[in-house]
Amino acid sequence: MTSDSPAEPGGPAVELRRRWAATVARTRGAAGPDPAPYAENLLARWAEPQRRYHTVAHLAAVLERVDELASYAADPGIVELAAWFHDAVYRPDRSENEERSAALAERALPELGLDADRTAQVARLVRLTVTHDPEPGDRDGEVLCDADLAVLAGTPDAYAAYAAAVREEYAFVPDPDFIAGRAAVLRQLLGLPRLFRTPLGRERWEGVARHNLATELTLLSG
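Turning next to helix α8 (residues 156-169). Helix length check: α8, at 14 residues, gives a terminal C-alpha distance of 20 Å against a target of 20 Å (1.5 Å per residue), a fit within 8%. Those residues of α8 that fall on the buried side of the exposure criterion are Tyr159, Tyr162, Ala163, Ala165, Val166 and Glu169. Buried residues of α8, viewed axially, fall in a sector of 160°; they line one side. Exposed and oriented more than 90 degrees from the buried face of α8 are Pro156 and Asp157. Buried-residue contacts for α8 involve α9 (175-190) and α10 (199-221).

Laid out in structure tokens, this is it:
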């Protein structure tokens, strides 16, 4: 796993590098290759120019939410690794990003010294972000999905900035097609019995997120 364009130094990347090293050391449970080159590869991916929302800032935000929800996870380290990989491959003009991100995890994590079971669990969680609909009792899936969807519960200004960034990522899509596709995504999310599965997520984010989604859908429909 190599990188041709290392991430820029400074900013949130400094803390992210430190965090990555600590997470890998804690999760693999044994000595292994230096995790630093893997962090550089992942951060470079998250900093690719086609990204406007799925950026290093999004990665950092998801990891912060994982921290908030860590007490609900069965294996917080696995959830953290899944957060790192969940949008590591991202091309807005392709539909298989989650699958390719999971496949990247399946290649990289054994190289780093993770065992087959933990690698498979990380990849499973990454694939779960296609639907954000974990099975009942899937504690790690609930934490990752809640952390990823927490952006939906932002303030009106924060949510508007998120929606604008998503539109920028799909700038190549004509307005009518984008509106139809985005509306379908919003309806799919609103159709879930619950957006958030952890107790904290349901209490803190559910109502606000549903309001934001419904407002965006109304604006798109108008």
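When two helices pack together, their arrangement is captured by the angle between the axes and the distance separating the axes. Here α9 crosses α10 at 150°, and the two axes come no closer than 10 Å. By the angle between their axes, α9 is roughly antiparallel relative to α10. Classified by chirality, the crossing of α10 by α9 is left-handed. Residues Ile179, Arg182, Ala183, Leu186, Arg187, Leu189 and Leu190 of α9 pack against Arg210, Leu213, Ala214, Glu216, Leu217, Leu220 and Ser221 of α10. Taken together, the residues of the contact of α9 with α10 break down into nine nonpolar, one polar and four charged.

Thresholds applied
Residues numbered from 1 in each chain as written. Predicted model: local features only at pLDDT ≥ 70, side-chain atom pairs only at ≥ 80, totals over all residues. Heavy atoms only, no water. Helix = DSSP H or I, 4+ residues; strand = E, 2+ residues; numbered from the N terminus. Expected span 1.5 Å × (residues − 1). Buried < 20%, exposed > 50% of the residue type's maximum accessible area, 1.4 Å probe, protein only. Arc of directions from axis to C-beta. Contact = heavy atoms within 4.5 Å. Axes fitted to C-alpha atoms, helices over the stretch in contact; angles between N-to-C directions. Parallel < 35°, antiparallel > 145°, perpendicular 65-115°, else oblique. Left-handed = near helix turned anticlockwise from the far one by under 90°. Nonpolar A, V, L, I, M, F, W, Y, C, P; charged D, E, K, R; others polar.

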